[in-house]
Structure formats: C-alpha cells, structure tokens
Amino acid sequence: MKRILTGAFVIFSGWVCAVPFDSCPSKAFLVQQNVAVLYGVNLASGSANILASNMGTNNKINGFGFSVHDRYLYGWGYENRSLIRIGKDFQMQNLATVGLPDTDFFVGDVSVLTNDYYAYRKGNGYGLYRVPLDANQSDYLQATKVIDGGLLNLNIFDLAFHPTTDAAYSVDSNGNLYQINASTGQASSLGNVGERGTFGAVYFDVNGNFYISRNTDGYIFRINVMAAEPVAEFFAFGPSSNNNDGARCATAPIIDEDDTSLDFGDAPASYRTSLADNGARHQINPQGLFLGASVNGEAVEKVTDDSDDGVQFVTALESGFDALLIITASQAGYLNAWFDWDQNGVFDNNEQLITSQALQAGANAIKISVPDTVVEGQSWARFRITRGAVISAWGGVSDGEVEDYPINLIDSGITRSYYPSANSWVSLAYEDLWPEKGDYDFNDVVVNYRTIIDRRAGQVVRYVIEGQLVALGASYHNGFAVRLKGVAPSDINEALIHHQIGSKVLAKSPLEANRSEAIIQIMADTKNWVPSNSCRFYRTESGCGSVPVVNFQVKIPLNAPIDSTRAPTGVLDPFIFAVNGQNHGPFVNANNARSWEVHLKNQAPTEAFDTSLFGQGDDNSLPSSGYFYQTTSGLPWALELGQRWDHPKEYVDLLQAYPGFEAYTLSNGIDQPMWFMTANASNTITNQ
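Note that the coordinates shown come from a computational prediction; the quantities given were computed from them, not determined experimentally.

Scoring rules and cut-offs
- Residues numbered from 1 in each chain as written.
- Predicted model: local features only at pLDDT ≥ 70, side-chain atom pairs only at ≥ 80, totals over all residues.
- Heavy atoms only, no water.
- Helix = DSSP H or I, 4+ residues; strand = E, 2+ residues; numbered from the N terminus.
- Buried < 20%, exposed > 50% of the residue type's maximum accessible area, 1.4 Å probe, protein only.
- Contact = heavy atoms within 4.5 Å.
- Lys, Arg positive; Asp, Glu negative; His and termini not counted.
- Charge placed at Lys NZ, Arg CZ, Asp CG, Glu CD.
- Pairing = 2+ DSSP bridges.
- Axes fitted to C-alpha atoms, helices over the stretch in contact; angles between N-to-C directions.
- Disulfide = S-S within 2.5 Å.
- Core = buried A, V, L, I, M, F, W, Y, C linked by side-chain atoms within 4.5 Å.
- Phe/Tyr/Trp six-rings, centres within 6.5 Å; stacked < 30°, edge-to-face > 60°.
- Lys NZ or Arg CZ within 6 Å of the ring centre and 35° of its normal.
- Salt bridge = Lys/Arg side-chain N within 4 Å of Asp/Glu carboxyl O.

Re the overall build of the protein
For the protein, the helix and strand inventory stands at two helices and 47 strands. If you line up the protein on its principal axes, its C-alpha atoms span 115 × 55 × 45 Å. The buried share among the 688 residues of the protein stands at 55%. Here the analysis covers contacts within the protein between residues at least 6 apart in sequence; of these, 64% occur between residues at least 24 apart. For the protein, the separation between the mean place of its 43 positive charges and that of its 73 negative charges on side chains is 3 Å.

Pasting the structure below:
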C-alpha cells in the first residue's frame, strides 16, 4: 500500500504552500463533520482511519476533489466561502477566486483530463462553474459559469470525473444516474441504479468503476456506468455520516497490487473471490476479530490461502441429517455461512445456512441441518465472521475474516417412514386428574402429533418427533414427553439433537438424565409455551379457538444404527407428566411430581413413575395383566385419534361432545369405530 506521508512547508513565489502528495494514492479521501475531519478510506473493505482531525478550519469542507495534475486536494471551505487547497500536511489553504457567487458549494471535483475544478449548486442564479487550477494559465482561479442551475437542476450531493473521458457522473437521491458534459453542462440520464438516498461521496477508479457512498448507513455501491442498464451493486460497508464528501485519485486502482491488508476467500472464481468480482474480503487485524488461531492477508491477485483453521467439521455432511461444527473465534462476533448444496458453483441466497449466529471468544459448537435434497459430491462452504450481524456472501467489510472450505456431501441412502403419514397427524388428548374422578373433558393437554423414522440398510439411524400443542384446559402444570422404548440413552447422539419449539431452538438437551431408556422431554412445562391471550385456558373456551397453536420438532440421531427388531415404531410412547414444584392434586408429591405420568391406555409407565399410585381413586390398572390407565368402567385417560381432532370445550364431558364414544369403549372398539368423526359441534373447539 502506498502510504500518505505528512510533509513540511516550502516557500513558493513569495507565499507559503504545502507540498503536494508524493503519489496518486489508492485510498479515497473522505471529509466529514461540521468541523472538518479527514479520513482515509479503503473502498475495497470500507475501513477508515483518521488522517487529520485538525485541518486548519473551524467549519466544514465540501465539494472535495483530487487533482491528478498537481496531486493536491481541492474543495470548498465554508469558513471563508472560498476554494481551498490541501497538500500532504492536510492543512487547508484558501485560494482567492473570482467569478463565483457568494454562497456555499457541496458538490465538486477536479477533471482528470483538464486541470480544472468544477463546483455545482442547483437553482436559478447558481449552476455549474469551472475554475482553472493551472497557475501558468492567464485565467488561473477565474471562475466561469458553464450552465445555470435552473437548466441543470439535479438533486445531487457529489460528482466525480471519469478517468478517461471529460464526463462527470452522479446519482441523485432517487437513484437516477446522470452523465454530465463538463464543457456544456448538459446532463444525460442513464437510468435508475436501484438504490436511493443521499450519496455524499462518489469516486472513480482507474478501470472506470464508479463508487457511491450513502450517508445514512455508509454502504458503498459499485456501478458500471458503461452498462446498458447500470445497477448499484453492494460493494462494502463504509463509514456513515450526515455530512459526507469524498475524493480520490481516479487514475489509481482501488488497492495496490502489493497490498496484503485484506483477507479474501479461497473458493474457485465462480464463488466470487476476487476484487474484480466483488468477492468476499475483510480488512484484517492480527490482534482483532478472526477465525481460528491467526489470520493472514493476501495480495489482491492472490486468492488462495492455506491458513484457514477456524472451522472444524466434527461429523459428515449427510443429506437429511444434522451435522456438528466447532467454530473457533478470536473474539466475540457474528457468523454467517453458506453451503453450495446444489454444486452449481455459486452461493445462492437460499443456501445461507447460518445467519447472524452470535459467537463467543473460543470454541463454539453449532449444529446445521443438511437438506434432504443434497446430491453426493464435492462442493464448497463459506464462513464469514464480523462485528456486524448482517453480511452477504460477497462484498467488503472492515473487520473479521472469510474462510472457504471444500466439503464432501454424502447421499445418506436414507429411507423414511411416517406415522400416521407424511401429510397428516394423529391427535393426542390427555385427562390430567388421574387417578381422581373429574370432568373427563379430554382437553387438559391436546397435541397434534407425527413421528418419522429414518433407516439406512433397514436399520434405524434417526427419530424425528414433530407436532403442535393445540390446547391446555388444565389448571395443573403438565410436561409432554416421548419414550423410545428399548432405546438406551447411550444409543443417542445427544450433541446432535435438534430441539425446536416455535421459532426457538433450545440449547439444553431434552434427553432425561439418569434413565435406562431414552425419554425425550418435548416440553418440560407446556404452560411455558402458551401464547399470551386473554382467555383463562388455552384454546378450550368459546371465542378462544383462534389463538395460534405452538409447533415443535425434535430430531434424535443415533450414534450407530440399531436393528429394527429392538427399535420402537409407530406412535412411540407419548405421555404427560407432572412438573416438579407445582401442585398436581392430592395424590402427587409436588417435590417429586415427575413420578406422576399418564400414558395411552394399556401402555406401561416409565421407570420414573411411582407405581404406588396404581389402584388409587378411579384407576383400575392391573399391571400384572398388562392393563394400565383405565377407569373402573374401562374408559381411558389418554386418547390417540387418527386425525386433527376437535376437542371438547372446557368442562364439557367427552360423552356429551361425542355421544358414540361410550359405546365404542364398552364394546372394545366394535361399535361406533368412527365415533370421533361425529361431534356435537356446539360443545367442541375446532382443531385448525
């Protein structure tokens, strides 16, 4: 990088002037604030550093331009309402100019082809002015109006001259791109670039790329002004300010070829890794934010770096499965990541798998879900860590690091079975007064429910449980869980369990500790997940059925495939349990409430259950005969219905809502087998 150095004053023609810059710098100049402060900006990354906080003025400087002819900065000083010049000491020098109106200019630049400064202000009586800067010319510093501001009336905030033509360019507040003929002042509209705002700093580079910086957010956009339909493409995150003006040497590249202050991506060119392609890039800081143990910069033409070490793939990337990554960060920041699942050579917007994930300093375990549609083969992934949460797969940023990795995608060869089907649910309904006689309304806990079993070569490799919490008519606190009968906790890859309720992914494992069988607590307390509403109970009273249901999903991968002969199938064993510390009636010890459970009829309880509760109250369980959870009249305490079931309203007995249920139960399912299809609609809540 060519450095901008401060220098001494020299005496010239009897007056003091600062010496010019030593070279045509690649960094852009940006002046901001009501008392001018000068910044150097790397447009490639948006990083900025203060070059001068005291420029010899107590007011603004605007209309900034860099002259390639004498290597000075020129602009408009508000303090004396005059043209000013700045050399490499960054101090403002007033220039006595004639022919300019008594006003302030905030739009200006120096022509690349002719050594002339142009200032513009819209409105009648103002306009576009040319000021010669060559001291050897007879009209030196004598302003000439090129066109009146009533004829050239553009709502622009800066302009910049093209490096090879005598045309200036600008974008107005509505996003319209204009080409301005400096000789005649005539403006031609080149179309709308798709971005709106106050673009107070605009620049060109030696290749004719046009850059515009928006004041409000600092976003830098790049425009190909020669395109048939020019578009503003996001280029980098720059500094923002309500008072912004920029200039740069239009014959210099954006960054020097030997500059190693940037970190680029390492994937093939199609993934946008080079500066020319607006590839992913970061301004590096070896003591700042990065991935892994260290970060190295790369020259602009070099886009391969074998030092990437911040991402560890703990598990394989198999279609339809979750994978575990360990991401190491030097400091706290945000991670965004893209995976080219379809192997088309680009990171599509829908392939962003990690979005604004907060990272702590050190190792971070992150689970990702590999799509079912992944095709086996080699591909690429991109990881970017930044201070700001929002970033795309390309473009520049002033901190952090980008790391690209080749990845191997595996077609897992999975076959999937559903219960009851891929597009339907069963409804589970529980009565939580067991073993007491109660209202028997079967709306204390109502769940829409589905199970999925993934197999490879006939052996089970994963369970998925998903559903919706539909209703809670209970005053008691109940949890909802599923037992995988015959599956040991050691069979489960606990680190890769994905547990989600609504939009929230839960970090704590749902696998109950210290059990010999795997028990998954879907909701430790269902009341904690009920949306706020004005109803006393959740979706069990008239007028309360429109409250949203609560979706849930748990993916349970196994450490190793297990034989189908010992793997549970179908409904598995869903049940409700009492919540420790909460009152759950006279038969339940609140300090050990978890020992109370209700399962489907004739399903044995788990090892956590207190078997002394059998035979109490209205319970007629006979464990020795395999009878569980039925009343003295043979009725169940939990139901599985083969559809989305309209549950009874609060305090409405099931037999009132569904008159055919009693005949079905007492006949052991012979009579009224479709009893749940015929409801007294006035006594039920629609399961929508």
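Now that the structure has been shown, we can carry on.
Some points on the sheet that holds strand 25 (residues 311–313)
Strand order in the open sheet formed by three strands is 25-27-30, and the pairing between neighbours is antiparallel. Where the open sheet ends on each side, the last strands, each with one partner, are strand 25 and strand 30 (362–369). Recorded for the sheet is a direction-independent mean angle of 25 degrees between the axes of neighbouring strands. Of the strand pairs in this sheet, strand 25 and strand 27 (residues 322–329) are connected by three bridges, and their pairing is antiparallel. Directly across from Phe313, in strand 27, lies its bridge partner Leu325.

Here's the deal with the state of the cysteines
Following the criterion strictly, the structure yields two disulfides and no others. Paired through a disulfide, Cys24 and Cys249 show a sulfur-sulfur distance of 1.3 Å. With the S-S bond torsion at -85 degrees, the cross-link from Cys24 to Cys249 turns out left-handed. Residue Cys24 is found in the loop between strand 2 (15–18) and strand 3 (28–32), and its partner Cys249 is found in the loop between strand 22 (244–247) and strand 23 (262–264); the two are separated by 225 residues along the sequence. Overall, Cys24 belongs to the partly exposed group, its relative accessible area being 25%. Across a sulfur-sulfur distance of 1.9 Å, Cys535 and Cys544 are joined as a disulfide pair. A torsion of -100 degrees about the S-S bond marks the disulfide between Cys535 and Cys544 as left-handed. An identical accessibility class is assigned to Cys535 and Cys544; each is buried. Going through the protein in sequence order and numbering each bonded cysteine, the pairs you get are 1-2, 3-4.

Remarks on the nonpolar core
In this structure, Trp434, Tyr449, Tyr463, Phe480, Ile492 and Ile522 are the most contacted members of the largest nonpolar core, which totals 51 residues. Broken down by secondary-structure element, the contributors of at least two residues to this core are strand 35 (426–430), strand 36 (445–456), strand 37 (459–471), strand 38 (478–484), strand 41 (518–523), strand 42 (550–562) and strand 43 (573–578). Residue contributions to this core peak at six residues, all from strand 42. When neighbours within four sequence positions are excluded, Tyr463 is seen to be in contact with Ile452, Ile453, Leu484, Val487, Val554, Lys555, Ile556, Ala567, Pro568 and Leu572. One finds Phe199, Phe210, Ile223 and Ala232 within the second-largest nonpolar core, a separate group that totals 32 residues.

A few points about the packing of aromatic side chains
Applying the stated criterion to the full structure yields 43 aromatic pairs. Ring geometry for Phe609 and Phe614: centres 4.9 Å apart, planes at 45 degrees, overall tilted. Overall, the relative accessible area of 14% leaves Phe614 in the buried class. An aromatic cluster of three or more residues is present, and its members are Trp645, Tyr658, Phe661, Tyr664, Trp675 and Phe676. Over the ring of Phe235 we find Arg281, and its NZ or CZ is 4.1 Å from the ring centre. Sitting over the face of the ring of Phe577, Arg594 holds its NZ or CZ atom 4.8 Å from the ring centroid.

Some points on the pattern of salt bridges
As enumerated under the stated definition, the model contains 22 salt bridges in all. Of the charged contacts, one joins Asp104 and Arg81 as a salt bridge, the two residues approaching to 3.4 Å between their closest N and O atoms. Of this pair, Asp104 sits in the loop between strand 9 (92–95) and strand 10 (107–110) while Arg81 is found in the loop between strand 7 (73–77) and strand 8 (82–86), placing the two residues 23 residues apart along the sequence. Relative accessible area serves as the criterion here: at 13%, Asp104 is assigned to the buried category. The residue Arg483 makes a salt bridge to Asp573 at a minimum N-O spacing of 2.8 Å. Of this pair, Arg483 sits in strand 38 while Asp573 sits in strand 43, and the two are 90 residues apart along the sequence. Like Arg483, the residue Asp573 is buried in the burial classification. Counted as one network, the salt bridges with shared partners bring together Asp372, Arg416, Asp454 and Arg462.

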